[in-house]
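# Working through the structure, step by step
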Amino acid sequence: MRYLTAGESHGKQQTTIVEGLPAGMPITKDDINDSLLRRQKGHGRGKRMQIEKDLVDIVGGIRHGYTLGSPIALVVHNDDFKHWIDVMGEDPLSEDQDIRRVVTRPRPGHADLNGALKYGHRDMRNILERSSARETTARVAAGAVAKTLLKNLDIKIVGYVNEIAGIKAEENLELSIEDKIRISEESPPVRCLNEEAGKQMMDAIDKAKKDGDSIGGICEVTIEGLPAGIGSFVHYDRKLDGRIAGAVQSINAFKGVEFGIGFEAARKNGSQVHDEILWSEERGYYRRTNRLGGFEGGMTTGMPVIVKGVMKPIPTLYKPLQSVDIESKEPFNASIERSDSCAVPAAAVVMEHVVAFEIATAILEQFPNDQFSKLKNAMDQYREEIRCF
Ligand code: EPS
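Keep in mind that what you see is a predicted model, and the values were worked out from it rather than measured.

This part covers the UniProt feature "binding site: FMN" (unreviewed entry) in the protein. In the UniProt entry, the feature "binding site: FMN" (unreviewed entry) is given for Arg-130, Ser-131, Ser-132, Asn-252, Ala-253, Gly-297, Lys-312, Pro-313, Ile-314, Pro-315, Thr-316 and Arg-338. The annotated residues occupy 209 residues of the chain and do not converge on a single region, their most distant C-alpha atoms lying 44.0 Å apart. Of note, Lys-312 is situated in the loop between strand 15 (305-311) and strand 16 (322-324). C-beta crowding within 10 Å serves as the criterion here: with 15 such atoms nearby, Lys-312 is assigned to the partly exposed category. Residues in contact with Lys-312, not counting those within four places in the same chain, are Gly-216, Ala-253 and Lys-255. Mapped onto the fold, Ile-314 is located in the loop between strand 15 and strand 16. In this structure Ile-314 touches Ser-214, Ala-253, Ser-339, Asp-340 and Ala-343, once residues within four positions along its chain are discounted.

Structure, rendered in structure tokens:
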């Protein structure tokens, strides 16, 4: 399975094409809209999210609530486009028209300057329109299709926030994945599993907004219901943890990825890092602990997959940082653009969806993938085989 996205932040629409789904999988508009609306929420989101109501238009690949096996084409309209028609329209400008809202002042931390140097654009709007995190709408749409496949195969996935601006939610090992899904959806609206920490995170976001600054944090995704042996050790590009790491790192503003205890492993002995193997009639093979976050040798272990991703503060600041105008070469303090003081809660939803996509892709590589019923039977059979192995 693969996907492509297209669209500019203030252009007409976000477009997603997902190819490689089996035929006959149940899916509705609601499966995708639920995900899109979750991405829009969160304390600290800016004014753009008040303009948009992200709803999907399915324009290919689904008929009467089932996949056809053909590419699935999804459109989310940018409601803001109506304010930008003169700036973002596709027709050539006439002789008496000037290009509008030209950007010549690159924002530190954004793609603006490097993108302009690479593509030769003297109007950096040509960079920022596509590098904007608005594109994560299209990625979530693709991930929602993948999540629907996982749901139909009894695999659950959830993304939530562990940390914002140094405020950490204490880990609660008692929580089931159903608890995590429910609590992260409840208030306070920062997708944190600990209420007290969530309130402190909201205060930190309010303070950052007041100061004209932005703050980052750490998101975590948990997946349950995956059998052992998804992914492969035989070649670097088939290692599923590697693919997930690449997908998470490619989310706007993400700077690093960890599985399980992650970087802590560097500070511990081997006996404190690896997960001892146990066996029972009911469960088959399982582990005493899950320090490696559900992966060994690029393959799932059958334990929950636990992935963390770190998001830097959004670089579009009301508090100016120094930069250089590319036309005058004069220094200036970066211009003020509308922004989010914190998008970590929304990023947790994006991360959940990009992880879902990688896992669904690996499943479709491993099992028959033309017909959904055959895929489901093959997976059920594999689950039984490894339980009795
Ligand atoms: C976003 C849409 C953007 C930003 C934000 C995410 O809309 P606009 O550029 O019109 O304000 O709100 O993206 C950034 C802050 C960024 O730096 O990329 C969205 O749909 O999530």
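On to the site of the ligand. Taken together, 14 residues surround the ligand, and among them Arg-48, Ser-132, Ala-133, Arg-134 and Arg-338 come closest. When its residues are assigned to classes, the shell around the ligand shows two nonpolar, eight polar and four charged.

Moving on, we get to the sheet that holds strand 1 (residues 2-6). The strand order across the open sheet built from four strands is 1-2-6-3, with neighbouring strands paired in antiparallel fashion. Of all the strands in the sheet, the pair left with one neighbour each is strand 1 and strand 3 (56-60). Within the sheet, the average angular offset between the axes of one strand and its neighbour, ignoring direction, is 20°. Where strand 1 lies against strand 2 (residues 13-19), five bridges are found, and the strand directions are antiparallel. In the sheet register, Ala-6 faces strand 2, and the bridge partner there is Thr-15. Against the sheet, helix 6 (residues 136-152) makes contact with strand 1, strand 2, strand 3 and strand 6 (72-77), and its axis sits at roughly 30° relative to strand 2, the strand it touches most.

Quick notes on the rules
Residues numbered from 1 in each chain as written. Predicted model: local features only at pLDDT ≥ 70, side-chain atom pairs only at ≥ 80, totals over all residues. UniProt positions renumbered as here; feature names shortened; annotations may be inferred. Helix = DSSP H or I, 4+ residues; strand = E, 2+ residues; numbered from the N terminus. Buried ≥ 20, exposed ≤ 12 C-beta atoms within 10 Å, placed from the backbone. Contact = placed C-beta atoms within 7 Å. Near = placed C-beta within 6 Å. Nonpolar A, V, L, I, M, F, W, Y, C, P; charged D, E, K, R; others polar. Pairing = 2+ DSSP bridges. Axes fitted to C-alpha atoms, helices over the stretch in contact; angles between N-to-C directions.

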